[in-house]
Amino acid sequence: MNIQLQTRSLTKSFNAITVLDHLDLDIAEGSITAVVGPSGCGKTTLLRIIAGFDTPDSGTVTLAGRRVAGPDGSVAPHRRGVGYVAQDGALFPHLTVAQNVAYGLNAGLRHRAVRERVAELLRTVSLDESLAGRRPSELSGGQQQRVALARALARRPALMLLDEPFSSLDTGLRATTRKAVARTLSEAGVTTLLVTHDQEEALSIADQVAVMSGGRFTQVGTPQAVYLRPTSRFTAEFLGDCVFLPCTVRDGVADSLLGRLPAGPVPDGPATMLLRPEQLQASVVTDVSDAGLGTVVDAEFLGPDVLLTIEPAGGAAPITVRQHSFGCPGVHTKVNIELLGTPVIFEDSGA
Ligand SMILES: Nc1ncnc2c1ncn2[C@@H]1O[C@H](COP(=O)(O)OP(=O)(O)OP(=O)(O)O)[C@@H](O)[C@H]1O
Ligand SMILES: [Mg+2]
């Protein structure tokens, strides 16, 4: 695996406030990494430093084996082979959509081949060709974002940095555009670092997800690893809904409301079990001699799914279960809960 981008101990402060705190990141050539994290955690600052618009206080940035920022100085942004689509897009206001995109090709629109390539790039970002003659001020925010993306794609950079490129698009358009853009990037072998606020987007588009908080990565891994096997409560809660159940670990077994389950390498003592609501499935108790685990006290209908709130019989805290609407137990029914997969257990002292 060739590493296209590597940061080591990247640190940056603004006005004595640490914004990036010793960040290490490796991105394999041709892969997509998504950075997610709360507003203000340092995502844009990271992209700006990699692009060369800001310099780190310490640490290094290496692109394809070449040091571009570090204690020995830095390489100018236009010499890094990096495409950057800023959070606000930033198009040339006096140029048309087609001229903006052609600018990325370092060409005018006189040649037919250039016009065809511009049209192809507009299609990639799901923009209608009829917009080609408009100026940025005549476009919606989401359309401007996609023109900026097309312009950056036109350059075929070795590394593409995208700062919330789909944030102004509605859900349906967002899903189609991100699929088309991801395909184009991977077909062209472009290594991509994408910042997004949308957890589902990060998990669906990326080969690697980096979860950021306060200038540090809390976890970097495959989408499956960070979602299914989070190493901290922050990562778990940031990426999706969680059910936390108290449990007691003894000899690698966690004892909780749900019975005895494997605890992995967690030391003996009180601990917390993390479950995803869709990992739990409630089924109506049919046997009169079975008291059931609890009673459904609320059912929130979401269309494909229902969120059930189940009150355990012994008075423990309610448990949320997400399951398909069809055949779902109703309110007031007694249910048992079945677990899919294995839970993640956190030691109570840590995480
Ligand atoms: N040029 C600057 N001068 C001073 N403070 C700055 C500067 N740029 C960023 N900051 C501060 O650094 C922190 C991180 O900013 P950054 O833009 O990297 O966050 P972000 O994770 O991209 O947030 P968002 O999700 O809202 O875009 C913020 O507290 C911000 O106010
Ligand atoms: Mg930002």
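Quick caveat, the model's predicted, so the values are computed rather than measured.

Caption draft 1: Main features of the overall build of the protein. Scanning the protein from terminus to terminus reveals eight helices and 21 strands. The C-alpha extent of the protein, read off along each of the three principal axes, is 80 × 50 × 40 Å. Considering the protein as a whole, with its 351 residues, one finds that 49% of them fall into the buried category. Long-range contacts, defined here as pairs at least 24 residues apart, represent 62% of the contacts in the protein between residues at least 6 apart. Roughly 16900 Å² of accessible area belongs to the protein as shown, and the carbon and sulfur atoms make up 50% of that amount. Taken together, the 31 basic and 36 acidic charged side chains of the protein have centroids lying 12 Å from each other.

Caption draft 2: Here's a closer look at the pairing of strand E20 (residues 334-339). Burial of E20 is one-sided: the residues Val335, Ile337 and Leu339 facing one way are buried, the residues Lys334, Asn336 and Glu338 facing the other way are not. Bridging between strand E16 (residues 280-284) and E20 involves five bridges; their strand directions are antiparallel. For Ser283, the partnering residue across the bridge sits in E20 and is Asn336.

Caption draft 3: Local environment of the environment of Glu29. Residue placement: Glu29 occurs in the loop between strand E2 (17-28) and strand E3 (32-36). When its relative accessible area of 45% is taken as the criterion, Glu29 is described as partly exposed. Through-space distance from the C-alpha of Glu29 to that of Ala64 is 8.4 Å; in sequence the pair is 35 residues apart. Residue contacts for Glu29: discarding those within four places in its chain leaves Asn2, Gln4 and Thr191.

Caption draft 4: Here's a closer look at the sheet that holds E16. Here five strands make up an open sheet; going across it, the order is E16-E20-E17-E18-E19 and the pairing antiparallel. Lying at the two open borders of the sheet, with one neighbouring strand each, are E16 and strand E19 (319-324). Between one strand and the next, the sheet's axes are offset by a mean angle of 45°, whatever the strand orientation. Two strands pair when backbone bridges link them, and strand E18 (residues 305-312) and E19 are joined in this way by six bridges, in the antiparallel orientation.

Caption draft 5: Structural view of the site of ligand 1. Taken together, 13 residues sit near ligand 1, with Ser39, Gly40, Lys43, Thr44 and Thr45 positioned nearest. When isolated, ligand 1 has an accessible area of 640 Å², and the protein chains bury 60% of it. Sorting elements by how many residues they give to the shell around ligand 1 places helix H1 (residues 43-51) first, with three residues. When grouped by side-chain class, the residues that make up the shell around ligand 1 number three nonpolar, eight polar and two charged.

Caption draft 6: Examining the state of the cysteines more closely. Across all of its chains, the model carries zero disulfides by this definition. Looking at the unpaired Cys41, the closest cysteine sulfur is the one in Cys242, lying at 18 Å. Of the residues examined, Cys41 reaches a relative accessible area of 3% and is grouped as buried. In this structure Cys242 is not part of a disulfide, and its nearest cysteine sulfur, from Cys247, lies 14 Å away.

Caption draft 7: Region of interest: the packing of aromatic side chains. Under the definition given, this model contains three aromatic pairs. Directly above the ring of Phe92 sits Arg151, whose terminal nitrogen or CZ lies 4.9 Å from the centroid. Across from the ring centre of Tyr227, 4.1 Å away, lies the NZ or CZ of Arg276, which sits over that ring.

Caption draft 8: Looking closely at helix H3 (residues 112-124). For H3, built from 13 residues, the straight-helix expectation of 18 Å at 1.5 Å per residue is met to within 8% by its first-to-last C-alpha distance of 18 Å. All buried positions along H3 are accounted for by Val114, Arg117, Val118, Ala119, Leu121, Leu122 and Thr124. Buried positions along H3 lie against helix H2 (97-104), helix H4 (141-154) and helix H5 (171-187). Positive phi appears at Ser126, one or two residues downstream of H3, with a value of about 55°.

Caption draft 9: Seen up close, the environment of Leu293. Among the secondary structure elements, Leu293 is positioned in the loop between E16 and strand E17 (294-301). Classification of Leu293 by relative accessible area gives buried; the value is 14%.

Caption draft 10: Looking closely at the pairing of E3. With respect to burial, E3 is a largely interior element, five of its five residues being buried. Side chains Ile32, Ala34 and Val36 of E3 all project onto a buried face; the interleaved residues Thr33 and Val35 project onto the opposite face, where all are buried too. Two strands pair when backbone bridges link them, and E3 and strand E9 (residues 191-195) are joined in this way by four bridges, in the parallel orientation. Across the sheet, residue Ile32 finds its bridge partner in E9, namely Thr192. Here four bridges tie E3 to strand E10 (residues 208-213), and the two strands are oriented parallel to one another. Of the residues in E10, the one forming a bridge with Val36 is Val211.

Caption draft 11: Quick look at the packing of H2 against H3. Where H2 contacts H3, the axes come no closer than 10 Å and their chain directions differ by 105°. The orientation of H2 relative to H3 falls into the category roughly perpendicular. Only Val114, Val118, Leu121 and Leu122 of H3 make contact with H2, whose side of the interface consists of Val97, Ala98, Val101 and Ala102.

Cut-offs and rules
Residues numbered from 1 in each chain as written. Chains lettered and ligands numbered in written order. Predicted model: local features only at pLDDT ≥ 70, side-chain atom pairs only at ≥ 80, totals over all residues. Heavy atoms only, no water. Helix = DSSP H or I, 4+ residues; strand = E, 2+ residues; numbered from the N terminus. Buried < 20%, exposed > 50% of the residue type's maximum accessible area, 1.4 Å probe, protein only. Contact = heavy atoms within 4.5 Å. Areas by Shrake-Rupley, 256 points an atom, 1.4 Å probe, with all protein chains shown as cover. Lys, Arg positive; Asp, Glu negative; His and termini not counted. Charge placed at Lys NZ, Arg CZ, Asp CG, Glu CD. Pairing = 2+ DSSP bridges. Axes fitted to C-alpha atoms, helices over the stretch in contact; angles between N-to-C directions. Near = heavy atom within 4 Å. Nonpolar A, V, L, I, M, F, W, Y, C, P; charged D, E, K, R; others polar. Disulfide = S-S within 2.5 Å. Phe/Tyr/Trp six-rings, centres within 6.5 Å; stacked < 30°, edge-to-face > 60°. Lys NZ or Arg CZ within 6 Å of the ring centre and 35° of its normal. Expected span 1.5 Å × (residues − 1). Parallel < 35°, antiparallel > 145°, perpendicular 65-115°, else oblique.

Distances and angles like these do not, on their own, reveal function.
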